[in-house]
Amino acid sequence: MADTEKYHRILDALEDLLEKQEFQTITVSEIAQKAGIGKGSIYYYFPSKEAILEAYITRSYEKPLETAATLSTQTDISPFTRMAMLFQACRNSSSEFIRQRASKSTAETQENALLHQKYLNHVISQLKPALTEIIQQGIDSGVIHFSDAASLAEIVLIVLSVKLDNTIALSDTEDIEKTLHGLVELLEKGTGTPPGALNYLSLRV
């Protein structure tokens, strides 16, 4: 059985090293030394350096994403309310990611781009199943009208994640709000959703 304490020491070591240098320059040996374990032990927990980074990102945002994952089972709550809660989890994870990276005084542009790409992929892939299920439940109950719940979920998450993360296509607050208002209008008209039901999407972060 894997040692949980060592597992987290490895992730902590990577986090510490990322404060001082770019991910591409960090070696497995450095991570092992920082964690206080042998290099060979690293591979007992992770097959590669990239896998350590993936685990680090997963750990950083697991709480809001776990909260979102439970929403698909709470059918006593309306689909729109659950969507609002899920989108708030998306905003929370995005805000936390930006806060953490902003605190890294030596972070480089290329390094941030790599971490943001990993982050966006993680958020979208983890939130999509829950949002798909919520939308499908809305379709089945007749309150949402759309043919493909999974496609709609992915479109919404991509727009939200990219705009809220605000690193791929830099925008000021006004531009972000305009985009979110446009998303709300498209969703309402495209899914037959009552006007105003999705206004929470355009609330300021």
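Structure first, text after, so check above.
Rules used throughout
Residues numbered from 1 in each chain as written. Predicted model: local features only at pLDDT ≥ 70, side-chain atom pairs only at ≥ 80, totals over all residues. Heavy atoms only, no water. Helix = DSSP H or I, 4+ residues; strand = E, 2+ residues; numbered from the N terminus. Buried < 20%, exposed > 50% of the residue type's maximum accessible area, 1.4 Å probe, protein only. Contact = heavy atoms within 4.5 Å. Areas by Shrake-Rupley, 256 points an atom, 1.4 Å probe, with all protein chains shown as cover. Core = buried A, V, L, I, M, F, W, Y, C linked by side-chain atoms within 4.5 Å. Phe/Tyr/Trp six-rings, centres within 6.5 Å; stacked < 30°, edge-to-face > 60°. Lys, Arg positive; Asp, Glu negative; His and termini not counted. Salt bridge = Lys/Arg side-chain N within 4 Å of Asp/Glu carboxyl O. Polar contact = N/O pair within 3.5 Å; in protein donor to acceptor, adjacent residues only side chain to side chain. Axes fitted to C-alpha atoms, helices over the stretch in contact; angles between N-to-C directions. Parallel < 35°, antiparallel > 145°, perpendicular 65-115°, else oblique. Nonpolar A, V, L, I, M, F, W, Y, C, P; charged D, E, K, R; others polar. Arc of directions from axis to C-beta.

**Regarding the overall build of the protein**
Across its full length, the protein holds nine helices and zero strands. Helices and strands appear in the protein in the N-to-C order α-α-α-α-α-α-α-α-α. Here the protein, with 205 residues, has 43% of them falling under the buried criterion. Residue pairs at least 24 apart in sequence account for 65% of intrachain contacts in the protein once pairs closer than 6 positions are excluded. Carbon and sulfur atoms provide 54% of the accessible area of the protein, an area that totals close to 10400 Å².

**Notes on the nonpolar core**
By size, the foremost hydrophobic cluster in this structure holds 55 residues, and its most contacted members are Ile10, Leu14, Ile31, Leu86 and Leu131. The leading source of residues in this core is helix α7 (residues 109-141), at eleven residues. Sequence-distant contacts of Leu131, defined by excluding residues within four places in its chain, comprise Met83, Leu86, Phe87, Ala153, Val156 and Leu157.

**So, the packing of aromatic side chains**
One pass over the full model with this rule turns up two aromatic pairs. Seen in terms of ring centroids, Tyr44 and Tyr45 are 5.0 Å apart; in terms of plane orientation they differ by 90 degrees. Their pairing is edge-to-face. Residue classification places Tyr44 among the exposed residues on the basis of a relative accessible area of 54%.

**Observations concerning the side chain of Lys49**
Among the secondary structure elements, Lys49 is positioned in helix α4 (residues 49-60). For the buried Lys49, which has no salt bridge, the nearest side chain bearing the opposite charge is Glu50, at an N-O separation of 5.0 Å. Within the local environment of Lys49, its side chain forms a polar contact with the backbone oxygen of Gln24, the two atoms lying 3.5 Å apart. Not counting residues within four places of it along the chain, the set of residues in contact with Lys49 comprises Phe23, Gln24, Ile26, Val28 and Ile31.

**Remarks on the pattern of salt bridges**
As enumerated under the stated definition, the model contains four salt bridges in all. One salt bridge in this structure joins Glu5 and Arg9, with 3.1 Å as the shortest N-O distance. Of this pair, Glu5 and Arg9 both sit in helix α1 (residues 4-18), four residues apart, roughly one helical turn. Owing to a relative accessible area of 45%, Glu5 belongs among the partly exposed residues under this scheme. Salt-bridge contacts for Arg59 lead to Glu15; the nearest nitrogen and oxygen are separated by 3.8 Å.

**Overview of the packing of α1 against α4**
Each packed pair of helices is defined by two parameters, the angle between the axes and the distance between the axes. Between α1 and α4, the least distance of the axes is 10 Å, while the angle of their chain directions is 95 degrees. As summarised for this structure, α1 and α4 are arranged roughly perpendicular, according to the angle between their axes. Contact residues: Tyr7, His8, Ile10, Leu11, Asp12, Leu14, Glu15 and Leu18 in α1; Ile52, Leu53, Ala55, Tyr56 and Arg59 in α4. Split by residue class, the contact of α1 with α4 holds nine nonpolar, one polar and three charged.

**A few points about helix α2 (residues 28-35)**
Those residues of α2 that fall on the buried side of the exposure criterion are Val28, Ile31, Ala32 and Ala35. Angular distribution of buried residues about the axis of α2 spans 100 degrees; they occupy a single face of the element. In this structure, the buried residues of α2 make contact with α1, α3 (39-45) and α4. With its phi angle positive at about 75 degrees, Gly36 sits one or two positions after the end of α2.

**Thoughts on the environment of Arg82**
In this fold, Arg82 is placed in helix α6 (residues 79-102). Taking the relative accessible area as the measure of exposure, Arg82 reaches 2% and is therefore buried. Every residue in contact with Arg82, bar those within four places of it in the chain, is listed here: Leu71, Ser72, Gln74, Thr75, Ile77, Ile134 and Gln137. Here Gln137 takes part through its side chain, which lies 2.6 Å from a polar atom of the side chain of Arg82.

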